[in-house]
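A structural walkthrough
Listed here are the chains, written in short residue letters.
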Amino acid sequence: MLHRFQANRGILLAGAVAYYALLSLIPLIILLLVALSHVVDQTQLLALLTRYLEQLVKRHRKLTCWRHRKLTLLVNTVIQ
């Protein structure tokens, strides 16, 4: 089974499917927002979207700061 997967370049095909799935998420999200704007009040939808994006950015910032601190500690350890 693994031999057939490798013979058919399964890793390459799986990567292509993942790439195109990720690439198609942006238009899907835009379509969902347009559709929801006809059902839900636009100001409520924008407020909800803004709140979720702010939470996402805060989480990313915390993760980035944690990685930066870890990298700084590692570099300081190597230098000393």
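Residues numbered from 1 in each chain as written. Predicted model: local features only at pLDDT ≥ 70, side-chain atom pairs only at ≥ 80, totals over all residues. Heavy atoms only, no water.

Some thoughts on the overall build of the chain
Each helix and strand in the chain was counted, giving 3 helices and 0 strands. Accessible area for the chain stands at about 7800 Å²; split by element, carbon and sulfur atoms hold 70% of it. (Helix = DSSP H or I, 4+ residues; strand = E, 2+ residues; numbered from the N terminus. Areas by Shrake-Rupley, 256 points an atom, 1.4 Å probe, with all protein chains shown as cover.)

Brief notes about the packing of aromatic side chains
In this structure the tally under the stated criterion is 1 aromatic pair. Centroid distance Tyr19 to Tyr20: 5.2 Å. Interplanar angle 75°. Geometry classified as edge-to-face. Each member of the pair, Tyr19 as well as Tyr20, carries the same accessibility label: exposed. Looking at Arg51, its charged tip hangs above the ring of Tyr52, at a distance of 5.9 Å from the centre. (Phe/Tyr/Trp six-rings, centres within 6.5 Å; stacked < 30°, edge-to-face > 60°. Buried < 20%, exposed > 50% of the residue type's maximum accessible area, 1.4 Å probe, protein only. Lys NZ or Arg CZ within 6 Å of the ring centre and 35° of its normal.)

Description of a nonpolar patch on the surface
A cluster of nonpolar side chains, Leu22, Leu25, Leu28, Ile29 and Leu32, forms an exposed patch at the surface whose accessible area comes to about 470 Å². Of note, Leu22 is situated in helix H2 (residues 10–39). Overall, the relative accessible area of 58% leaves Leu22 in the exposed class. (Patch = residues over 30% accessible without salt bridge, like charges linked within 9 Å, V, L, I, M, F, W, Y side chains within 5 Å. Salt bridge = Lys/Arg side-chain N within 4 Å of Asp/Glu carboxyl O.)

Topic: the confidence of the model for the chain
As a note on interpretation, predicted positions should not be read in detail where pLDDT is low. Averaged over every residue, the pLDDT of the chain is 78; residues scoring 70 or more account for 78%. Across the chain, element-level confidence peaks in H2 with a mean pLDDT of 85 and bottoms out in helix H1 (residues 2–7) with 71. (pLDDT = per-residue confidence, 0-100.)

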